[in-house]
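Breakdown of the fold
Below, each chain spelled out in residue letters.
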Amino acid sequence: MGPPAAARSPGEPTTSSKTSVVLVDGDCVLCDGFARFVSAFDARGVVLFATQQSEEGRAVLRRANAPMDLSTIVLVEHDARAEVAKDDRIKTHVKSTAILRVLTALGLPLSTLGWAGLALVPRSVRDGAYDVVARYRHVVFGRKGEGGSCALPDVVVRRRMGRKIPRELLGE
């Protein structure tokens, strides 16, 4: 096990057999905000980020048999434990389920919100609301680089985006 969260710098990985990679639209301000939010509350450093447009992002999507779809967030979870069957080690989630599963990884109180959303709100309702936000996100929030906004992520997000995604997820 890695050092306790207080001894690690933000964004530094924990030693774990489970990896969560969040793939987002690299031009989306709302997606960037979500990555910053998660980075701020992920004290254990368990969530990695990549853009769907990046070489690594495309490789993870191929490995997970998921198409590149910039209208949705994609969460790819990899469990490298030996007792997990090889065919069951990679799980892919999209839209509202991806967001709520990321929240479950962040610890209290956000994990409670994630689990409650998954358990209490039907997927059709969650994904319907997600689709509306996704359709208008560029209109409401803009695109990176528009209106003088800086497209460079903060140091924590850069550190998490710069971490190596496990080779198993890249198909190497």
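Our subject is the structure that appears above.
Everything in this summary refers to the structure shown in the same document.

**Here's the deal with the pattern of salt bridges**
- Counted according to the given criterion, the structure contains four salt bridges.
- Salt-bridge contacts for Asp25 lead to Arg137; the nearest nitrogen and oxygen are separated by 2.8 Å. With Asp25 in the loop between strand S1 (18-24) and helix H1 (29-41) and Arg137 in helix H5 (residues 123-141), the pair connects residues that are 112 residues apart, well separated along the chain. With respect to class, Asp25 is no different from Arg137; both count as buried.

**Observations regarding the layout of surface pockets**
- The calculated volume of the second largest pocket comes to roughly 340 Å³.
- Those elements that place two or more of their residues in the lining of the second largest pocket are H1, helix H3 (95-104) and H5.
- Broken down by class, the residue content of the lining of the second largest pocket amounts to 12 nonpolar, three polar and two charged.

**Thoughts on the packing of H3 against helix H4 (residues 110-120)**
- For the pair H3 and H4, the least separation of the axes is 7 Å and the interaxial angle reads 145 degrees. H4 is crossed by H3, and the crossing has left-handed handedness. Residues Thr97, Leu100, Arg101, Leu103 and Thr104 of H3 lie in contact with H4, whose contacting residues are Leu110, Ser111, Leu113, Gly114, Trp115, Gly117 and Leu118.
- For the contact of H3 with H4, a count of residues per class yields six nonpolar, five polar and one charged.

**What to know about H4**
- By the burial criterion, the buried members of H4 are Leu110, Ser111, Gly114 and Gly117. Projected onto a plane normal to the axis of H4, the buried residues spread over an arc of 130 degrees and lie on a single side. Residues of H4 that are exposed and point more than 90 degrees away from the buried face comprise Ala119 and Leu120.
- In this structure, the buried residues of H4 make contact with H1, H3 and H5.

So, how was this worked out
Residues numbered from 1 in each chain as written. Predicted model: local features only at pLDDT ≥ 70, side-chain atom pairs only at ≥ 80, totals over all residues. Heavy atoms only, no water. Salt bridge = Lys/Arg side-chain N within 4 Å of Asp/Glu carboxyl O. Helix = DSSP H or I, 4+ residues; strand = E, 2+ residues; numbered from the N terminus. Buried < 20%, exposed > 50% of the residue type's maximum accessible area, 1.4 Å probe, protein only. 1 Å grid on protein atoms, 1.4 Å probe; cavity = no way out; pocket = protein on both sides within 12 Å on 5 of 7 lines; lining within 4 Å. Points joined across faces, edges and corners; volume = space filled by probe spheres on them. Nonpolar A, V, L, I, M, F, W, Y, C, P; charged D, E, K, R; others polar. Axes fitted to C-alpha atoms, helices over the stretch in contact; angles between N-to-C directions. Left-handed = near helix turned anticlockwise from the far one by under 90°. Contact = heavy atoms within 4.5 Å. Arc of directions from axis to C-beta.

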